[in-house]
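Here is how the chains run, residue by residue.
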Amino acid sequence: MMTETRTLSVVVSVYNEEQALPLFYETAKPILDGLDWDYELLFVNDGSTDGSMACLRRLAAQDKKVKVVAFSRNFGHEAAMIAGIDHASGDGIVCMDADLQHPPECLPEILKKLEEGCGVISMVRTKNKSAGLLKNITSAGFYAVINALSDVKFEPNASDFFAVSRQAAQVLRTNYREKVRFLRGYVQNIGFEKATIQYEARDRVAGESKYSIRKLFSFSMNTILCFSNLPLKLGIYAGVFAGLLGVIVMIYTLFTRKGAPSGYATIVILICFMFAILFLIVGIIGEYIAILFSELKDRPVYVVEETENIEKDIER
Ligand code: UDP
Ligand code: MG
């Protein structure tokens, strides 16, 4: 059926992974060599400050299938993934982490789905032992909130381990070029025939996680704001609520106006309560303005400083 061999691009984001990289390469290489498809192993060095770049240069020198895109500084995991997709030349693209939490053993199964014509393959983790209880609970909470607030649907437990066809990747290259990004969200909402594959997330082989709970929280906040306008409508609900309360207070005041000026406590409570709601809403509007501002500035999502084994130099 297949006339020529197709190529798989494996995109791996790297940030200070000097310990994990050799292990990743040694594990992935034999699996990649055993595939029916040709492949390229595309590492995106996200401004690592350790020996990662030296290691990548070494791998690229000894293995032409290893390609490297290096950023001028750390731009974050989201930027690294999209840079990998931008520079990948394959008929199918898989994004994965360098710490072997995303098992390369899943690649044959992914290829099968790509061959069946799937455009988007989400890898859903069954267990995340290494993440710890707090991360698992906050992750579940995040998905519950975003699915309630957003009209697009998110697969809970979906990870940054996923695959897209050439056609789907093209959509990500030309559209969805937002600055405040959530690639997983775009991937799940561009359509195409979808498939999910379960995998068991392993422990990180070496080094440590680069995502702190604080970083995850601000990331989650931004994602919710980018995928939902509902918080903006809070102002309308609060306004209606305050209006109704106003009518009740007005009637009450009319009926009790004969007595002395009582109701001091009522006034204080009302003012505090109303201001609290008001400031909360102003804060939410501020968050949206911050996102608008960063989109308007139109700064690059990433800046490439160096590439290895890549002919074309695309920069966005
Ligand atoms: N990563 C990156 N840039 C960053 C932070 C992380 O490219 O600013 C990479 C990191 O090297 C790893 C992947 O993104 O390959 C996932 O990061 P990590 O394993 O630290 O996150 P966790 O799996 O703990 O959520
Ligand atoms: Mg990890």
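Placed above this text is the structure.
S.K.: Help me out: how do you make sense of the overall build of the protein in this one?
M.R.: For the protein, the count of helices and strands is 10 helices and 8 strands. In terms of overall size, the protein is more extended than a compact globule, its C-alpha atoms giving a radius of gyration of 25 Å where 316 residues would be expected to give roughly 20 Å. Along the first, second and third principal axes, the C-alpha set of the protein runs to 90 × 45 × 35 Å. Taken over 316 residues, the protein has a buried fraction of 43%.

S.K.: Before we go on, may I ask you to explain the packing of helix H9 (residues 230–256) against helix H10 (residues 264–297) in this structure?
M.R.: Pairs of packed helices are described in terms of their axes, by the angle between the two and the distance that separates them. Contact geometry of H9 with H10 gives a least axis separation of 9 Å together with a crossing angle of 165°. One way to sum up the angle between H9 and H10 is to call them roughly antiparallel. Note on packing geometry: the crossing formed by H9 with H10 is left-handed. Two secondary-structure elements touch here, H9 through Pro-231, Leu-232, Leu-234, Gly-235, Ala-238, Phe-241, Ala-242, Leu-245 and Val-249 and H10 through Leu-270, Phe-273, Met-274, Ile-277, Ile-281, Ile-284, Ile-285 and Tyr-288. Per-class residue counts for the contact of H9 with H10 are 16 nonpolar, 1 polar and no charged.

S.K.: Help me understand the site of ligand 1, please; the structure alone is not making it clear to me.
M.R.: Lining the immediate surroundings of ligand 1 are 18 residues, of which Glu-17, Asp-46, Asp-99, Ser-209 and Lys-210 lie closest. Asn-74 is positioned with one of its side-chain polar atoms (N or O) 3.1 Å from an oxygen atom of ligand 1. Gln-101 has a polar side-chain atom sitting 2.7 Å from an oxygen atom of ligand 1. Compared with its free state, where it exposes 530 Å², ligand 1 has 91% of that area covered by protein. Residue assignment for the shell around ligand 1 shows that the elements contributing at least two residues are strand E1 (7–14) and helix H3 (77–87). When its residues are assigned to classes, the shell around ligand 1 shows 5 nonpolar, 6 polar and 7 charged.

S.K.: It is not clear to me how the nonpolar core should be interpreted in this structure. Could you clarify?
M.R.: Nonpolar side chains tend to gather and get buried jointly when the protein is soluble and globular. The biggest cluster of nonpolar side chains holds 41 residues, and the ones touching the most others in it are Leu-8, Val-12, Leu-41, Phe-43, Ile-110 and Ile-121. The leading source of residues in this core is helix H1 (residues 20–33), at 6 residues. Judged by nonpolar contacts, the second largest core, of 36 residues, contains Phe-75, Ile-146, Ala-169 and Leu-183.

S.K.: How should I be thinking about the pattern of salt bridges in this particular structure?
M.R.: Between side chains of opposite charge, a pair can form when the charged atoms approach closely. Counted by the stated rule, this structure contains 15 salt bridges. Asp-160 is paired through a salt bridge with Arg-184; the nearest N and O atoms lie 3.0 Å apart. Of the two residues, Asp-160 sits in strand E6 (residues 158–165) while Arg-184 sits in helix H7 (residues 183–189), which places them 24 residues apart along the sequence. Of the residues examined, Asp-160 reaches a relative accessible area of 11% and is grouped as buried. Among the charged side chains, a network of salt bridges with common partners joins Glu-17, Asp-99, Arg-204 and Lys-210.

S.K.: Got a minute to help me understand the coordination of the magnesium ion (ligand 2) in this structure?
M.R.: Geometry sets the ideal angles at a metal, namely 109.5 degrees for four tetrahedral donors and 90 or 180 degrees for six octahedral donors. Only Asp-99 (OD) and Gln-101 (OE1) from the protein coordinate the magnesium ion (ligand 2), and they sit 1.9 Å from it. Like Gln-101, Asp-99 is buried.

S.K.: Would you explain the environment of Leu-8 in this entry?
M.R.: On the secondary structure map, Leu-8 appears in strand E1. Those residues in contact with Leu-8 that sit more than four places away from it in its chain are Leu-35, Trp-37, Asp-38, Tyr-39, Glu-40, Gly-92, Ile-93, Val-94, Leu-107, Leu-111 and Leu-114.

S.K.: Explain the packing of aromatic side chains here, please?
M.R.: The geometry of an aromatic ring pair is captured by two quantities: the separation of the ring centres and the angle between the planes. With the rule as written, the count across this model stands at 14 aromatic pairs. Taken together, a centroid distance of 6.0 Å and an interplanar angle of 40° make the contact between Phe-154 and Phe-182 tilted. Here Phe-182 lies in the loop between helix H6 (166–174) and H7 and Phe-154 lies in the loop between helix H5 (132–149) and E6, a separation of 28 residues in the sequence. Side by side, Phe-154 and Phe-182 carry an identical accessibility label, which is buried. Members of the aromatic cluster, connected to one another through ring pairs, are Phe-142, Tyr-143, Phe-154, Tyr-176, Phe-182, Tyr-186, Phe-219 and Phe-227. Above the plane of the ring of Phe-75 lies Arg-73, whose end atom (NZ or CZ) is 3.9 Å from the centre. Lying over the aromatic face of Tyr-211, Lys-215 brings its terminal NZ or CZ to 5.6 Å of the ring centre.

Calculation rules
- Residues numbered from 1 in each chain as written.
- Chains lettered and ligands numbered in written order.
- Predicted model: local features only at pLDDT ≥ 70, side-chain atom pairs only at ≥ 80, totals over all residues.
- Heavy atoms only, no water.
- Helix = DSSP H or I, 4+ residues; strand = E, 2+ residues; numbered from the N terminus.
- Rg over C-alpha atoms; globule rule 2.2 N^0.38 Å.
- Buried < 20%, exposed > 50% of the residue type's maximum accessible area, 1.4 Å probe, protein only.
- Axes fitted to C-alpha atoms, helices over the stretch in contact; angles between N-to-C directions.
- Parallel < 35°, antiparallel > 145°, perpendicular 65-115°, else oblique.
- Left-handed = near helix turned anticlockwise from the far one by under 90°.
- Contact = heavy atoms within 4.5 Å.
- Nonpolar A, V, L, I, M, F, W, Y, C, P; charged D, E, K, R; others polar.
- Near = heavy atom within 4 Å.
- Polar contact = N/O pair within 3.5 Å; in protein donor to acceptor, adjacent residues only side chain to side chain.
- Areas by Shrake-Rupley, 256 points an atom, 1.4 Å probe, with all protein chains shown as cover.
- Core = buried A, V, L, I, M, F, W, Y, C linked by side-chain atoms within 4.5 Å.
- Salt bridge = Lys/Arg side-chain N within 4 Å of Asp/Glu carboxyl O.
- Donors = N, O, S within 2.8 Å, 3.2 Å for Na, K, Ca; no water.
- Phe/Tyr/Trp six-rings, centres within 6.5 Å; stacked < 30°, edge-to-face > 60°.
- Lys NZ or Arg CZ within 6 Å of the ring centre and 35° of its normal.

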